[in-house]
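Coordinate inspection notes
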Number of protein chains: 2
Amino acid sequence: MPEPVLLVLDTDPPPRLGALTGRVQVRHTDAAGLAGALPHADVLLVWDFTSDAVRSAWPGGGPRPAWVHTASAGVDRLLCPELAESDTVVTNARGVFEQPMSEYVAGLVLAFAKDLPGTLDLQRRRRWRHRETVRVAGSRAVVVGAGPVGREITRLLMALGVEVALVGRTARRTIHGAGDLDRLTARADWVICAAPLTPRTYGMFDSRFFGLMQPSAVFINVGRGPMVVQDDLVGALRSRWIAGAALDVFEREPLGPDSPLWDVPGLIVSPHMSGDAVGWRDRLGEQFVAMYERWEAGEPLPNVVDKRLGHIPSPDTEG
Amino acid sequence: MPEPVLLVLDTDPPPRLGALTGRVQVRHTDAAGLAGALPHADVLLVWDFTSDAVRSAWPGGGPRPAWVHTASAGVDRLLCPELAESDTVVTNARGVFEQPMSEYVAGLVLAFAKDLPGTLDLQRRRRWRHRETVRVAGSRAVVVGAGPVGREITRLLMALGVEVALVGRTARRTIHGAGDLDRLTARADWVICAAPLTPRTYGMFDSRFFGLMQPSAVFINVGRGPMVVQDDLVGALRSRWIAGAALDVFEREPLGPDSPLWDVPGLIVSPHMSGDAVGWRDRLGEQFVAMYERWEAGEPLPNVVDKRLGHIPSPDTEG
C-alpha cells in the first residue's frame, strides 16, 4: 500500500512532524502550486494559516484530500462553498491558542484600567503625573463569541473579579444569545470580540454598535479583522464615543506603514500575536501529529469544524 | 466637656469628614506648624502621607495626641523612636489599597509577558513586527511582604495560574521566611516587592539580590523606594542581569525630570499610583470617620500598627 500523501501549504517544513517520517509522503507547496497538487493529496495541512489559497484552489470535483487541517483557530480563510459542500473533513487547532489569548485580553483590560499606555508616554517625556486608576474587580465585560477562546477569556476575567456576560449565536444555559448583545453592550465597561468570522459576524462592529457603548468603555478585538468596520471604529474613537480600543487583527494583515490606524488616539495596535505564546509552533506540529495518528488508525478526529457554521459546534453553547 | 481636637496634617480639608462636624474641633497645619500644634491635639490625621514632618516634630515628652492615623499603608515616613516608645496609638489605612495594588501588579506582569511596551513602541514607529509572548499561567512569582498587600497580590496572581511563593519576615503556614528568599528568587520569573520599609528591608534589593535572579526575570516594586538600591537596579538592567523592572515607588518622590531612571531599557517608571483607584481619597476619608467613631466610643481601633515592627502584625503570618 502506498504511503498517504500529506500536502503542506507552506514551503518551509513545520516543526515536530518527525514522528510521521516513513509513514507519509510529505509534499510542500506554495499558493501557486496548490491547485495542481491538491488532486494528489490525501491530507492537506494548512500550515501557512495566513493564506487564503485554499479557497481559490479547492477542486470543484474529482480527487481531493479527505481531510484538511488548519494550524489556526479560525477557518474563515479556507472555507469556500465547494469545500463546505464536499465530504472533506476540516479540523482546526483548538486547544493551542485559548490560554495565551485570554491572558492577552486580561493584560489589555488591566493596561487600560491602569492607563499603562499613558504611563509609558509620560515616562518618555520624563514627566511625573499621578493619575487615578480604574478598579477591574466589579467592572462589567461582554465577551462576544462563546467558543473555546471566548469561554477561556470569560473564565480569566471572572478570576479578576469582572462580571462577564458571554454572548454566543444562540442562548443556552450561562450563554446569552445574540439578541441580548445590544442591551449588555450598553452597560459594559469592556467589549471583547473573540467570535469566528462568518457571514453573520462580518462587519457587526460598526457605528451603530459603537454608539451603544458607554463613553468610558473599551473595545478589544482578538477575533478576526473583518468583523470590525475599521473606519467606524476610528470615528468612534476620534469622536470619543468610546474611551479606547485594542485591535490585534485587521481587515488586511500585515498592516502597512501608511495605515491610518497606527496613530488613532486611544487605539492599541498589535500584530496578530495574542495567541502566539513561546512554543506555539511546536504545539501546532505536535497537535497535528496526534491527530494524524488518529486518522491513520481510522479513529474519529477531534476539532472537526461544522463547515456550515464556520466553527466547531460546542454542545454546551450552541443550540 | 470640650470637643476633642483633630489635627489634620494637610492644609486642604480631606473629603468625607462631614459626619464629624460638631463632634470635633478640626485644625489644619502644614509641616512648619506641626510641632507647635501637636501638644494641643487629641488626634493627628496624617492626610498628607507624603510628608515626613511627624518624625521631626513629634514631642519628646509632655502633651501629645493619643492617636495618630495615617492615610497610607506604610508608616515608615512617620515612625520615630519617640513616637515608637510613646503610648500613642498609630493606625494605618489597611483595606483601601490592597485590591487596586494587586490589579496593578497583575497588569504589569501581563504587560511584560505580552511585551505591551514593545507593542506600543512599534506602534509609534508604524512597524508590524510579530513576537511570541510568554505564558503567565505556570510561571513562578516571589512576593516579598506577607502583609495585606502581598497577600492580595498572591491571591490575584494565583488566579492567573501563577505559582506564587509569598515571603514574610518569619515562616508560618503557607508563608516562607526570609531565609528562603534567595533560593526562591533564583527560580522565579517575577519578583514583586510589597513589603513595608523597615530597618530590615532598607536596601535589601541590591546587586547581590539582582545577581540571584534569572536573566529572563522581572522585578516589580510597589512597596517603598528605599528598599531598592536604585543604582544597582539600573546596573542589573543595563548589564541584562534581569529582563525588566517596574518601579512605582522611589528613593525620592516625585522623580525629577533629570533622573536617570526615566530611560533605562526595560524599566517601567510610574508615579506612585498603584493603589490609587478612582475614589481612593473618599474611601480614606470614610475609613477615618468610621475609625474615629470607634475611638470616640472607647472601642478598640482596627489597623493598629506594631510600632516596633513598623507594620500591622498579621496573626496568620507573623511569629
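Quick caveat: nothing in here was measured; it's all calculated off a predicted structure. (Residues numbered from 1 in each chain as written. Chains lettered and ligands numbered in written order. Predicted model: local features only at pLDDT ≥ 70, side-chain atom pairs only at ≥ 80, totals over all residues. Heavy atoms only, no water.)

1. Quick notes on the overall build of chain A
The number of helices and strands found in chain A is 10 helices and 11 strands. The C-alpha radius of gyration of chain A comes to 21 Å, within 12% of the 20 Å expected for a compact globule of 319 residues. Along the first, second and third principal axes, the C-alpha atoms of chain A reach 70 × 45 × 30 Å. Burial status across chain A gives 55% buried among its 319 residues. Considering only contacts in chain A between residues 6 or more positions apart, those separated by 24 or more positions represent 61%. About 13,200 Å² of surface is accessible on chain A, with carbon and sulfur atoms providing 52% of the total. Charged side chains of chain A number 34 positive and 38 negative; the gap between the two group centres comes to 7 Å. (Helix = DSSP H or I, 4+ residues; strand = E, 2+ residues; numbered from the N terminus. Rg over C-alpha atoms; globule rule 2.2 N^0.38 Å. Buried < 20%, exposed > 50% of the residue type's maximum accessible area, 1.4 Å probe, protein only. Contact = heavy atoms within 4.5 Å. Areas by Shrake-Rupley, 256 points an atom, 1.4 Å probe, with all protein chains shown as cover. Lys, Arg positive; Asp, Glu negative; His and termini not counted. Charge placed at Lys NZ, Arg CZ, Asp CG, Glu CD.)

2. So, the domain arrangement of chain A
Residues and elements named next belong to chain A. Domain annotation of chain A identifies domain 1 (5-96 + 279-296) and domain 2 (98-269). Between the C-alpha centres of domain 1 and domain 2 the distance comes to 32 Å. The partner domain 2 presents six residues to the seven residues of domain 1 that form the contact. For the pair domain 1 and domain 2, the number of links is two salt bridges. (Domains from an automatic or database assignment. Salt bridge = Lys/Arg side-chain N within 4 Å of Asp/Glu carboxyl O.)

3. Quick word on the packing of helix H5 (residues 116-124) of chain A against helix H5 (residues 116-124) of chain B
At their nearest, the axes of H5(A) and H5(B) sit 11 Å apart, and the two run at 65 degrees to each other. One way to sum up the angle between H5(A) and H5(B) is to call them roughly perpendicular. Crossing handedness for the pair H5(A) and H5(B): right-handed. On H5(B), the residues touching A:Leu116, A:Pro117, A:Leu120 and A:Arg124 of H5(A) are B:Leu116, B:Pro117, B:Leu120 and B:Arg124. Per-class residue counts for the contact of H5(A) with H5(B) are six nonpolar, no polar and two charged. (Axes fitted to C-alpha atoms, helices over the stretch in contact; angles between N-to-C directions. Parallel < 35°, antiparallel > 145°, perpendicular 65-115°, else oblique. Left-handed = near helix turned anticlockwise from the far one by under 90°. Nonpolar A, V, L, I, M, F, W, Y, C, P; charged D, E, K, R; others polar.)

4. As for the relation of the copies chain A and chain B
Placing chain A over chain B gives an RMSD of 0.0 Å and needs a rotation angle of 180 degrees, together with 0.0 Å of translation along the axis. Within this description, the copies of the chain are treated as partners about a two-fold rotation axis. Interface overlap between copies is the fraction of interface residues in one copy that are interface residues in the other; for chain A against chain B it reaches 100%, indicating a shared surface. (Least-squares fit on C-alpha atoms with pLDDT ≥ 70 in both.)

5. Some points on the UniProt feature "domain: D-isomer specific 2-hydroxyacid dehydrogenase NAD-binding" (unreviewed entry) in chain A
Under the feature "domain: D-isomer specific 2-hydroxyacid dehydrogenase NAD-binding" (unreviewed entry), the UniProt entry names residues 107-274 of chain A. The span residues 107-274 of chain A shows a helical share of 27% and a strand share of 15%, and its end C-alpha atoms are spaced 10 Å apart. (UniProt positions renumbered as here; feature names shortened; annotations may be inferred.)

6. Comments concerning the packing of helix H4 (residues 98-113) of chain B against helix H6 (residues 148-159) of chain B
Residue and element names in this part refer to chain B. Running from N to C, H4 and H6 cross one another at 50 degrees; their axes reach a closest spacing of 8 Å. As summarised for this structure, H4 and H6 are arranged oblique, according to the angle between their axes. Of the two possible hands of crossing, H4 and H6 adopt the one that is right-handed. Contacts from Glu98, Gln99, Met101, Ser102, Glu103, Val105, Ala106 and Val109 of H4 reach H6 at Pro148, Val149, Glu152, Ile153, Leu156 and Leu157. Class assignment of the residues belonging to the contact of H4 with H6 gives a composition of nine nonpolar, two polar and three charged.

7. Let's talk about the interface of chain A and chain B
Taken residue by residue, the interface counts 56 residues in chain A and 56 residues in chain B. The largest per-residue losses of area from chain A upon contact with chain B belong to A:Arg126, A:Trp128 and A:Arg135, which jointly make up 18% of the total buried on that side. Run the count over chain A and chain B and you get four salt bridges. Among the salt bridges present, the one from B:Glu103 reaches A:Lys114, with a minimum N-O distance of 3.0 Å. The interface formed by chain A and chain B includes 28 residue pairs in polar contact (both at pLDDT 80 or more). Of all the secondary structure elements, the ones that give two or more residues to the side of chain A that touches chain B are helix H4 (98-113), H5, helix H6 (148-159), strand S11 (267-269) and helix H10 (280-296) of chain A. (Buried area = accessible area lost by both parts, 1.4 Å probe. Polar contact = N/O pair within 3.5 Å; in protein donor to acceptor, adjacent residues only side chain to side chain.)

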